[in-house]
Amino acid sequence: MSFLPPYRMLDMAWLGPGPFCAQILGDLGFDVIKITEVAPGKGRRGGRSLAPHMMFHEPTPHARRLGTRNARSIALNLKTPEGQDVFRRLVRTADVIQEGFRPGVAERLGVGYEAVRQIKPDIVYVSITGYGQDGPYRDRVGHDLNYLSVAGFIDMNGRAGGPPAIPGTVVADFAAGGMSAALHILAALLRRERTGEGAYADVSMTDAAFAINSLPIQGYLDSGLEPRRGETFTSGFWPWYDVYETRDGKYVSVAAVEPWFYEQLCRALGHEEFADKQWSLEHREAIRAEFARIFKTKTRQEWVEELGREEVCFAPVLSVSEAVQDPQMVARGMVARVEHPVYGAVSVVASMLRFAGFPFQVRQWNLQPGEHTEQVLTELGYTAAEIAELREREVIK
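Position numbers for residues start from 1 in each chain and track the written sequence from start to end. With the structure being a predicted model, the display of local features is reserved for residues of pLDDT at least 70 and the display and counting of side-chain atom pairs for 80 or more, all residues being used for whole-chain, interface and lining totals. By convention in this description, side-chain values take in all heavy atoms of the structure and omit both hydrogens and water.

Peer 1: So what's going on with the overall build of the protein? Which residues, and what values?
Peer 2: Counting its secondary structure elements, the protein contains 15 helices and 13 strands. Its C-alpha atoms put the protein at 80 × 50 × 45 Å along the principal axes. Taking all 397 residues of the protein together, the buried fraction comes to 42%. Only heavy atoms matter for contacts: two residues are in contact if any of them lie within 4.5 Å across the pair. The long-range fraction of contacts in the protein, counting pairs at least 24 apart against all pairs at least 6 apart in sequence, stands at 68%. Residue-level accessible areas treat just the shown protein chains as cover; the underlying method is Shrake-Rupley with a 1.4 Å probe. Split by element, the accessible area of the protein, about 21,600 Å² in all, is 55% carbon and sulfur. Between the mean site of the 44 positive side-chain charges and the mean site of the 50 negative ones, the protein shows a separation of 5 Å. Numbering goes from the N terminus for both helices and strands, where a helix is a DSSP run of H or I of at least four residues and a strand is a run of E of at least two. Each residue's exposure class comes from its accessible area (1.4 Å probe, protein chains only) as a fraction of the maximum for that residue type: buried when under 20%, exposed when over 50%, partly exposed otherwise. For the purpose of charge, His is not counted, nor are the chain termini; Lys and Arg are scored as positive and Asp and Glu as negative. For charged residues, the charge sits on one atom: NZ in Lys, CZ in Arg, CG in Asp, CD in Glu.

This is the structure:
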């Protein structure tokens, strides 16, 4: 069961934001066809693909590679005339093309927007890069941390007087770039439904990270004052928006921004005299010290039981293993049990998108590059003999 009609997307963005965007759209019902290299094991990328075990500080061989959900894969050599012919036939069936090459590479391969729209004028074409298709940084290489650094995001993370802090997960890739790409695609398709016209989208992960960081940036633009880490309310300047250690060495968070929530917090912690001092610079550190002392008198779970139902904007700071078992995440189905062709029933992070009557499901798995090459080419009208010849000439895999 799919929420959207079966739009077809050809995906040539293989790292970070591209796969996350493709997963969002695949979960919505898109027919995602990933176009990969015929021989990715050769060249400078050979043997260097990212895998689940690389999330950890040392190799973890038992980490499973589930593959990509709700997508198919065709391995195609775009540097051959025959590969270009296959690509052109694919384009005629497509609604969206997503690519993640460096600026100019798609054009050199003959798969850029201008070439594609000669074949399919109403195509929605999205290019995802670190810095965008223009500007002085267009040709710079980078990864998530670099883009966040340029966007002013990293400098705002950490305590006052300390060094910038690295986020524990990718933000520019997923929260910024991947979702920005999906938003561009869906908006362009809606526009096409109304006007019949295609569109080209230049998605920059740094642009998207800059937009996510708009709260301190806009504050600077409005006031001319430079925001500094640890000196804004979202970076721990005030005691009512902070994390505190508990008696068992764990942590809780409070985010009592509105005055009535702050008053409730003070009352719950036995300090009603603090209620009228939320914005007091004079009392700020004394209040923080007292909050810290109080939170260390009980375990995290005891605070959950005491404050969890109070209107104080409180939450326990959960580890990843705790988060996946949290009753709210379980109730919302954010960790789903699905069938995998190799591992049987497995747990996966489900889709964040919720539409009544359209439950999350995994329709198919893409386990290996080129796994669906023959299937896709057959749909395009290639005969078994033609497919065998293309494979023999290493046009496909």
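Peer 1: Mind laying out the nonpolar core, listing which residues take part and the relevant values?
Peer 2: A general trend in soluble globular proteins is that nonpolar side chains are found buried together. For this analysis, a nonpolar core means a set of buried residues of the types Ala, Val, Leu, Ile, Met, Phe, Trp, Tyr and Cys, connected via side-chain atoms within 4.5 Å. Residues Leu10, Phe87, Leu90 and Ile97 are the most contacted members of the largest nonpolar core, which totals 30 residues. Breaking this core down by element, the ones donating at least two residues are β1 (8-12), β2 (31-36), α2 (81-92), α3 (105-108), α4 (113-119), α14 (373-379) and α15 (384-392). Ranked by residue count, the leading element in this core is α2, at four residues. Leaving out residues up to four positions away in the same chain, Leu10 has contacts with Ile33, Ile35, Phe87, Leu90, Val91, Ala94, Val96, Ile97 and Gln98. Grouped together as the second largest cluster of nonpolar side chains are 23 residues, Ala182, Ile185, Ala199 and Val203 included.

Peer 1: Got a sec to walk through the sheet that holds strand β10 (residues 314-316)? Specific residues and values, please.
Peer 2: We call two strands paired when DSSP finds no fewer than two bridges between them. One open sheet accounts for three strands, arranged β8-β9-β10; its pairing is antiparallel. The open sheet has two edge strands, β8 (241-245) and β10, and neither has a second partner. The mean inter-strand angle of the sheet, taken between neighbouring strand axes irrespective of direction, is 20 degrees. When strand β9 (residues 251-255) meets β10, the two strands line up antiparallel, connected through three bridges. Paired with Val254 across the bridge in β10 is Phe314. Lines fitted to the C-alpha atoms define the axes, with helices restricted to the stretch that makes contact. Angles between their N-to-C directions range from 0 to 180 degrees. Contacts from helix α11 (residues 300-307) reach β9 and β10, with the element oriented near 150 degrees to β10.

Peer 1: An account of helix α9 (residues 259-268) is needed here, citing residue identities and associated values.
Peer 2: What α9 keeps buried is the set Tyr262, Leu265 and Cys266. Down the axis of α9, the buried set is contained in an arc of 95 degrees. They therefore lie on one face. Against the buried residues of α9 lie β9 and α10 (284-295). The directions from the helix axis to the C-beta atoms are what the arc is built from.

Peer 1: Describe in detail the pairing of strand β6 (residues 124-129), supporting the description with residues and values.
Peer 2: Among the six residues in β6, six count as buried, and that is most of the element. By the alternation rule, side chains of β6 split into Val124, Val126 and Ile128 and Tyr125, Ser127 and Thr129, which are all buried. Looking at chain direction, β6 and strand β7 (residues 199-204) are connected through six bridges and run parallel. What sits directly across from Val124, in β7, is Ala199.

Peer 1: Requested: an account of the packing of aromatic side chains, with residues and values cited.
Peer 2: Centres within 6.5 Å make a pair out of two Phe, Tyr or Trp rings, where for Trp the six-membered ring is used; the pair is then stacked when the planes are under 30 degrees apart, edge-to-face when over 60, and tilted otherwise. One pass over the structure, following the stated rule, counts 21 aromatic pairs. Ring centres 5.0 Å apart and planes at 70 degrees place the aromatic pair Trp240 and Trp279 in the edge-to-face group. Highlighted residues: Trp240 in the loop between α8 (214-223) and β8 and Trp279 in the loop between α9 and α10, separated in sequence by 39 residues. Look at Trp279 and you get exposed, because its relative accessible area is 52%. Geometrically, a lysine NZ or arginine CZ counts as sitting over a ring once it is within 6 Å of the ring centre and also within 35 degrees of the ring normal. Against the face of Tyr382 rests Arg89, its NZ or CZ located 3.8 Å from the ring centre. We note Arg140 situated over the ring of Tyr137; from NZ or CZ to the ring centre the distance is 3.7 Å.

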